[in-house]
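# Residue-level structure breakdown
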Amino acid sequence: MTASSVRLALKAALSLPLRLYEDAELHGQALDIAERFSLPAAYNAHDLALAQWPGGEFWTTDQRPAQTVQAEWPWVPWVEVAGVCNLARSATR
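The rules behind these values
- Residues numbered from 1 in each chain as written.
- Predicted model: local features only at pLDDT ≥ 70, side-chain atom pairs only at ≥ 80, totals over all residues.
- Heavy atoms only, no water.
- Helix = DSSP H or I, 4+ residues; strand = E, 2+ residues; numbered from the N terminus.
- Buried < 20%, exposed > 50% of the residue type's maximum accessible area, 1.4 Å probe, protein only.
- Contact = heavy atoms within 4.5 Å.
- Areas by Shrake-Rupley, 256 points an atom, 1.4 Å probe, with all protein chains shown as cover.
- Axes fitted to C-alpha atoms, helices over the stretch in contact; angles between N-to-C directions.
- Parallel < 35°, antiparallel > 145°, perpendicular 65-115°, else oblique.
- Left-handed = near helix turned anticlockwise from the far one by under 90°.
- Nonpolar A, V, L, I, M, F, W, Y, C, P; charged D, E, K, R; others polar.
- Salt bridge = Lys/Arg side-chain N within 4 Å of Asp/Glu carboxyl O.

## Focus: the overall build of the protein chain
If you tally the helices and strands in the protein chain, you get 4 helices and 2 strands. Put simply, the protein chain runs from its N terminus to its C terminus through helices and strands in the order α-α-α-β-α-β. Taken across its 93 residues, the protein chain has 26% of its residues classed as buried. Looking at the protein chain alone, contacts between residues at least 24 apart form 45% of all its contacts between residues at least 6 apart. Of the accessible surface of the protein chain, which amounts to about 6400 Å², a share of 58% is contributed by carbon and sulfur atoms.

Listed below in structure tokens is the structure:
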């Protein structure tokens, strides 16, 4: 899907009479991040969007998203942990 078709689908989904228990803008922010950094996995973009919220942090053992954003966002660390592979986490303080 193209970014514009994803945006249209997201707008349509968010206009449905559903009750959301999270910030609807989060998905748009995640889409912006995915597009900006060419991230193929939606969960990485959502984790990074959450990390931008007040008190948010992003710690990952997945080297790919960390390296992808490192030049612009040096606050995204890659944590090397023996025995753990490709575990992305977003944590809050």
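Text resumes after the structure shown.
## Some points on the packing of helix H2 (residues 25–37) against helix H3 (residues 42–51)
Where H2 contacts H3, the axes come no closer than 8 Å and their chain directions differ by 115 degrees. Taken together, H2 and H3 sit at an angle that is classed as roughly perpendicular. Here H2 and H3 pass one another in a crossing that is right-handed. Two secondary-structure elements touch here, H2 through Leu26, His27, Gln29, Ala30, Ile33 and Ala34 and H3 through Ala45, His46, Leu48, Ala49 and Leu50. Among the residues forming the contact of H2 with H3, the class breakdown is 8 nonpolar, 3 polar and no charged.

## Let's talk about the packing of helix H1 (residues 3–14) against H2
Taken N-terminus to C-terminus, the directions of H1 and H2 make an angle of 170 degrees; their axes are 11 Å apart at the nearest point. By the angle between their axes, H1 is roughly antiparallel relative to H2. Contacts between H1 and H2 involve Ala3, Val6, Arg7, Leu10 and Leu14 from the former and His27, Gly28, Leu31, Asp32 and Glu35 from the latter. Considered class by class, the residues forming the contact of H1 with H2 number 5 nonpolar, 2 polar and 3 charged.

## Side note on the environment of Ile33
For Ile33, the position within the fold is in helix H2. Spatially, the C-alpha atom of Ile33 lies 5.7 Å from that of Ala45, the residues being 12 residues apart in sequence.

## Focus on the pattern of salt bridges
In total, this model carries 4 salt bridges according to the counting rule given. Two residues, Asp32 and Arg7, come together in a salt bridge whose shortest N-O distance is 2.6 Å. Highlighted residues: Asp32 in helix H2 and Arg7 in helix H1, separated in sequence by 25 residues. We classify Asp32 as partly exposed; its relative accessible area is 39%. Where Glu35 meets Arg7, a salt bridge forms, and the shortest distance between an N and an O atom there is 2.8 Å. One end of the pair, Glu35, is in helix H2; the other, Arg7, is in helix H1, and 28 residues separate them in sequence. On the basis of relative accessible area, Arg7 is assigned to the partly exposed category, the value being 33%. Sharing partners across several salt bridges, the network here consists of Arg7, Asp32 and Glu35.

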